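Letter by letter, the chains look like this.
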Amino acid sequence: MNLLYAFSILMEELNVSRAAERLYIGQPGLSTALKRLRGALDDQLFVRVGRKLQPTPRAQAIAPEIARALAAIERSIQPLNAFDPKSWAGEFRVGLCDNLEMAFFGALTASLREKAPHARVVAVAATKRDSVTLLDEGAYDFSVAVHNDPASWHVRVPLFDQHLMCVYDSRKVQLSSPISTEDYLNAQHVTVSSQGSDTQELDNFLQKAGIRREVAASVSRYAAVGPVLQAIGAIATVPETVAFCMARIYGLKTSPTPIQLPSEPISMLYRKVDDVSGSSAWFRQQFMEVTAYTLSGLDPDAKCVHRGSGSHVRKDERI
C-alpha cells in the first residue's frame with residue numbers, strides 16, 4: 001500500500017525531493033521505496049531527464065489503475081459523514097474578487113439561508129494573484145477566479161467564460177447601444193485597477209486594434225464604478241455580470257463592446273483533501289447552482305458549465 005502511494009505521488013510530482021516532502025520522508029527513504037517498486041514490477045518506472053523524472057510506458061500504463069484503486073480505498077475508510085445542512089451551524093467561506101462577489105454573493109447568501117438556516121457564509125477578498133496561496137493557507141473552502149493549471153493537490157472545475165461589456169449613464173453621455181468604435185474612441189473612460197496599473201493587458205489589446213482610450217478616472221474596486229459613471233459622462237468596460245448588476249442598481253445602460261475582446265475562464269479551485277468532505281462538497285454544489293441560475297437570469301446567451309444538480313461538471317485535474 002505504501003509503495004503504491006509513493007508511486008502515485010511520484011507520478012504527480014515527477015520530482016523526488018517534492019514527492020519526499022509530501023510523503024513526509026527523506027529522499028533516501030523514497031529512493032529505497034522506488035527501488036523496491038522497480039524490483040517488484042521489473043521496470044525502471046522513472047528515468048531522469050534533466051531535473052525531472054520521466055515515467056516509462058509501463059508506469060504510464062499502470063498509473064490510472066493505481067490512482068483509481070487508491071481513491072477507492074480512501075473513500076472506503078472515510079468516516080460516515082451524512083451532511084445535514086438544515087442542522088449544520090458552521091461557516092462556509094469562499095474566495096472571490098469583488099466583481100464576482102457583486103454578481104453572485106447575494107443570491108448565494110439567500111440560497112444558503114433557506115437551505116442551511118443556522119450556517120454563516122463569508123466572502124473572503126481574493127484576486128487571481130493570491131487566490132491559490134490563500135486557498136493553501138486555509139482562508140476559504142474554495143476559490144472562484146481565473147486559475148492557471150492546478151497543482152497536483154488541487155481540483156479545478158470550469159464554471160463559465162467571463163466576457164466584457166460596456167456600461168454608461170445615458171443621462172450623462174449621449175450614446176446608443178451598441179456603441180460604435182468611433183463613439184468608444186471619443187468617449188472618456190473609467191477603469192478598474194486594484195494596483196493602479198493592471199488594465200494594461202486590455203489597453204494593449206485595444207491599441208493593437210487601433211483604439212486608445214482616454215482614461216478620466218481609475219478606481220480600485222468595481223463597486224465604485226457606478227457612482228463615478230453617475231457623476232461624469234464616461235464608459236466603463238467591465239465583466240458582463242458586473243455590468244448587469246450596475247445597470248439594475250444605478251439605472252445605467254449596457255452595450256456590447258465595439259470589438260470582440262478576450263474573455264477570461266472563471267473556474268472553481270479547491271483542495272483534493274476536501275473532495276469528499278460533506279459540508280465542503282455541498283457548499284461547492286450550491287455555488288455552482290447559484291452561478292448557473294444567476295447567469296441564465298442576467299443573459300440568456302450566457303454559457304455555464306454547470307446546469308443544475310442533475311448535471312455533471314468536468315474536473316480539470318493535473319495528475
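For the structure, see preceding data.
How each quantity is defined
- Residues numbered from 1 in each chain as written.
- Predicted model: local features only at pLDDT ≥ 70, side-chain atom pairs only at ≥ 80, totals over all residues.
- Heavy atoms only, no water.
- Salt bridge = Lys/Arg side-chain N within 4 Å of Asp/Glu carboxyl O.
- Helix = DSSP H or I, 4+ residues; strand = E, 2+ residues; numbered from the N terminus.
- Buried < 20%, exposed > 50% of the residue type's maximum accessible area, 1.4 Å probe, protein only.
- Pairing = 2+ DSSP bridges.
- Axes fitted to C-alpha atoms, helices over the stretch in contact; angles between N-to-C directions.
- Contact = heavy atoms within 4.5 Å.
- Core = buried A, V, L, I, M, F, W, Y, C linked by side-chain atoms within 4.5 Å.

Caption draft 1: Broad picture of the pattern of salt bridges. Counted under the stated rule, the structure contains 10 salt bridges. For Lys272, the salt bridge is made with Glu12, and the minimal N-O distance between the two is 3.7 Å. Of this pair, Lys272 sits in the loop between β12 (264-271) and α11 (278-298) while Glu12 is found in helix α1 (residues 2-13), placing the two residues 260 residues apart along the sequence. Judged by relative accessible area, Glu12 falls into the buried class, the value being 17%. Linking Arg271 and Asp274 is a salt bridge whose minimum nitrogen-to-oxygen distance equals 2.8 Å. Its relative accessible area of 17% is what places Arg271 among the buried residues. Here Asp274 falls in the buried class, since its relative accessible area comes to 12%. Via salt bridges that share partners, Glu12, Glu13, Arg18, Arg22 and Lys272 belong to a single interconnected network.

Caption draft 2: Highlighting the sheet that holds strand β6 (residues 154-162). If you walk across this open sheet you meet the five strands as β4-β3-β5-β12-β6, and the pairing is mixed. In this open sheet, the two strands that pair with only one neighbour each are β4 (120-125) and β6. Looking at each pair of strands side by side, their axes are set apart by 20° on average, direction ignored. Strand direction decides the pairing type here: strand β3 (residues 91-96) and β4, joined by six bridges, are parallel. What sits directly across from Phe92, in β4, is Val121.

Caption draft 3: How the structure looks around the environment of Ala236. Relative to the helices and strands, Ala236 is located in strand β10 (residues 234-239). By relative accessible area, Ala236 is classed as buried at 0%. When the C-alpha atoms of Ala236 and Val192 are compared, they prove to be 8.4 Å apart, with 44 residues separating the residues in sequence. Non-local contacts of Ala236, meaning those with residues more than four positions away in its chain, are made with Met165, Cys166, Val167, Val190, Val225 and Leu229.

Caption draft 4: Region of interest: the sheet that holds strand β7 (residues 164-168). Strands sit in the order β9-β8-β10-β7-β11 across an open sheet of five strands; the sheet is mixed. Of all the strands in the sheet, the pair left with one neighbour each is β9 (214-219) and β11 (253-255). When strand polarity is set aside, the average angle formed by the axes of neighbouring strands in this sheet is 30°. Judged from the three bridges that link them, β7 and β11 form a sheet pairing that is antiparallel. When the sheet's bridge partners are listed, Cys166 is paired in β11 with Ser255. Of the strands in this sheet, β7, β10 and β11 touch helix α10 (residues 240-250), which is tilted by about 130° from β10.

Caption draft 5: Focus on the nonpolar core. Core analysis: the biggest nonpolar cluster contains 30 residues, and Leu108, Val144 and Phe287 have the highest contact counts within it. Taken together, the elements giving at least two residues each to this core come down to β3, α5 (98-115), β5 (142-145), β6, β12 and α11. With residues near it in sequence (within four places) discarded, Val144 still touches Val94, Gly95, Leu96, Cys97, Leu100, Leu159, Ile266, Ser267 and Phe287.

Caption draft 6: A look at the pairing of β5. Where burial is concerned, the two faces of β5 agree: the one with Phe142 and Val144 and the one with Ser143 and Ala145 are both buried. Both β3 and β5 contribute to a ladder of three bridges, which runs parallel. Directly across from Val94, in β5, lies its bridge partner Phe142.

Caption draft 7: The arrangement of unusual backbone geometry in detail. With an omega dihedral of 5°, the bond running from Ser177 to Pro178 counts as a cis peptide bond. Located in the positive-phi region is Leu14, a residue other than glycine, with phi close to 50°. Along the chain, the position of Leu14 falls in the loop between α1 and α2 (16-23). Backbone geometry at Leu45 places phi at a positive 70°, although glycine is not the residue there. Among the secondary structure elements, Leu45 is positioned in the loop between α3 (27-41) and β1 (46-49). Using a relative accessible area of 0% as the deciding quantity, one classes Leu45 as buried.

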